[in-house]
Amino acid sequence: MAKLVQSIKHGQSSRKICKRASFALVFVELCFALLIGRLFWIQCIDGEKLKHEAERYHQRTISIQPRRGAIYDRNHTSLAISTKAYSLFGDPKLIKEPESVALSLSSIIEQPKDDILRKLEKDTRFVWLRRQLPDSKVDKVRLLNIEGLNFREEGRRFYPQNELASHIIGFVGIDDIGLEGIEKKYDAYMRRTTSMVSIKKDCKGRDLEPNNSSYNRPDPGYDLTLTLDTVIQSIVERELQLACDQWKAKGGSVIVMDPRTGEILAMANCPTYDLNKAFHVNSDCKRNRALIDLYEPGSTFKIITASAAINENIVNTKDTVKIAKELGSKKLYEYIKAFGLGDKTGVDTSETCGFIRNIKQWTDRSIRFIPYGQGIAVNALQMLSALNAIANDGVIMRPFIVKKVTDGQETILENMPCESKSPISAKTATIMKEILQGVVENGTGQSAKVEGYSAAGKTGTSQKVSEDGKGYISGKYTSSFVGFLPADKPIISIIVVIDEPQGQYHGGIVASPVFKEIASQIMQYLTISKGVCIVKTRPTS
């Protein structure tokens, strides 16, 4: 009996063990099925998503800036180039002792310790600490050998001619983006497209290829060749500065053009500034007065009135107002617009429109003061372009500064001489050349005479308009002279504008001598250096 009971108990125990084993086996099989299902889900359903997350953790994408294109003058003299520079950045997640690091960096990168610390304590993986460090400071930072600090190669813009043609060239910001002048206008050509590359990271998030040495650099930006001539530009800037100093003027502008093509050979303003120190000078120095500042042209505007009269065969009087009245307001207004005054010239950089009231707003008084260059405002380039119609046989060529855009030896874009307007006939232009030559030989522009050459031009003196546009400011004037030479076959045209000269203010005294000095030096340079055949006039006894 006892054996029977024991046998029954043993059977029951065996069945329990079997049940438990079965449950364990089912549980294991279920876990295995879940694991297989999970692996299937990871690989087949979430595979791509998880792959991207892993790549994002072990890689980071950075932008690689191409080398910015260079700027040259017409003779391939460098005006703007890009050099290699290194910028310091940090990964706050990897920097263990931010306060100590901030203290070590402060004296090297010349930044306040608290500013550096504030950046290093941010909840991010990337902070700029100092852009475009000098090479000597880069070496000092590297010697610290601090985990979490690294460098990125960038381009540093350098202007080898310093302040020469600063208002034309303009400058770039810390991110190599053009902010002023040609640098801004042609930024897309010189900067081209930024490349994006992936950098591998280790398990701590450190770059495995910090110098990007294994990546191909993006194609460099396109180069620009300007119409400017650095020799002529140097002459213009020197003489303008001397004139402004002599007359203690508030400022001034000079433009030199080839009236036959519209090419701007030089454009200068005073005051000027060093492009390499652009962020350390005030905005007044950076303003391109020749294209931005408006002034009443005064007597230089008589060129327009006289040209219109001759073109309309009104030659029976020398009285400017009588000529204008015979022309009539409508016809005079049409000629003003035909010469391009009151409109932009189309030059390939920033400029302002001039100002001329619509004919519907003219009053009976308008016909009496507009012919004398009052009640109308122009910038220096607009006035010079108008004169070029006379110098170039009745045709105004569109002014331009960029001659061509190139990619190595290949020309991407080329600006060709282009007719802009034709306000008068060639016959009228010839007559006006003789009249303007007489102004220099026997009139108010005698101080503009250039020894050995015949010059033509017109002086201008105008009182400055008050800021509210109501009346004029006592004692403040703009002195100007606009002319060209040789008078019969002009190859250069020049405008000189001096703002608020002190002591004397008449254009024939203040501006004409500047024209003479600039013109004589340019003609000598063109004759000797360029082999230009220019017939000189015989000296008068």
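Scroll up for the structure.
Residues numbered from 1 in each chain as written. Predicted model: local features only at pLDDT ≥ 70, side-chain atom pairs only at ≥ 80, totals over all residues. Heavy atoms only, no water.

1. Some words on the overall build of the chain
Within the chain one finds 19 helices and 18 strands. Counting the 541 residues in the chain, one finds 47% classified as buried. Considering only residue pairs separated by 6 or more positions, the chain has 71% of its internal contacts joining residues 24 or more positions apart. Of the roughly 27700 Å² that the chain leaves accessible, carbon and sulfur atoms contribute 52%. (Helix = DSSP H or I, 4+ residues; strand = E, 2+ residues; numbered from the N terminus. Buried < 20%, exposed > 50% of the residue type's maximum accessible area, 1.4 Å probe, protein only. Contact = heavy atoms within 4.5 Å. Areas by Shrake-Rupley, 256 points an atom, 1.4 Å probe, with all protein chains shown as cover.)

2. Structural notes on the environment of lysine 96
Among the structural elements, lysine 96 can be located in the loop between strand 3 (78–90) and helix 3 (98–109). Judged by relative accessible area, which is 65%, lysine 96 ranks as exposed. When the C-alpha positions of lysine 96 and glutamate 147 are compared, they lie 8.3 Å apart, and in sequence the two are 51 residues distant. In this structure the side chain of lysine 96 is engaged in a polar contact, spanning 3.0 Å, whose partner is the side chain of glutamate 147. (Polar contact = N/O pair within 3.5 Å; in protein donor to acceptor, adjacent residues only side chain to side chain.)

3. Regarding the packing of aromatic side chains
Throughout the structure, instances matching the rule amount to 10 aromatic pairs. Residues phenylalanine 171 and phenylalanine 279 carry aromatic rings whose centres are separated by 5.5 Å and whose planes lie at 80 degrees to one another, so their mutual orientation is edge-to-face. Remark: phenylalanine 279 occurs in the loop between strand 9 (263–270) and helix 10 (283–286) and phenylalanine 171 occurs in the loop between helix 6 (166–169) and helix 7 (181–185); sequence separation between them is 108 residues. For phenylalanine 279, a relative accessible area of 54% gives the class exposed. (Phe/Tyr/Trp six-rings, centres within 6.5 Å; stacked < 30°, edge-to-face > 60°.)

4. Here's the deal with the side chain of histidine 167
Tracing the sequence through the fold places histidine 167 in helix 6. When sequence neighbours within four positions are dropped, the list of residues in contact with histidine 167 reads Gly181, Asn269, Pro271, Thr272, Tyr273, Cys285, Lys286, Arg287 and Asn288.

5. Observations regarding the pattern of salt bridges
Working definition: two side chains of opposite charge can pair if their charged atoms are close together. Here the structure, examined in full by the defined rule, presents 28 salt bridges. Among the salt bridges present, the one from arginine 289 reaches aspartate 284, with a minimum N-O distance of 3.2 Å. With its nearest N and O atoms 2.6 Å apart, the salt bridge here joins glutamate 334 to lysine 330. Residue glutamate 334 and its partner lysine 330 are both found in helix 14 (residues 329–338); the two are separated by 4 residues, about one turn of the helix. (Salt bridge = Lys/Arg side-chain N within 4 Å of Asp/Glu carboxyl O.)

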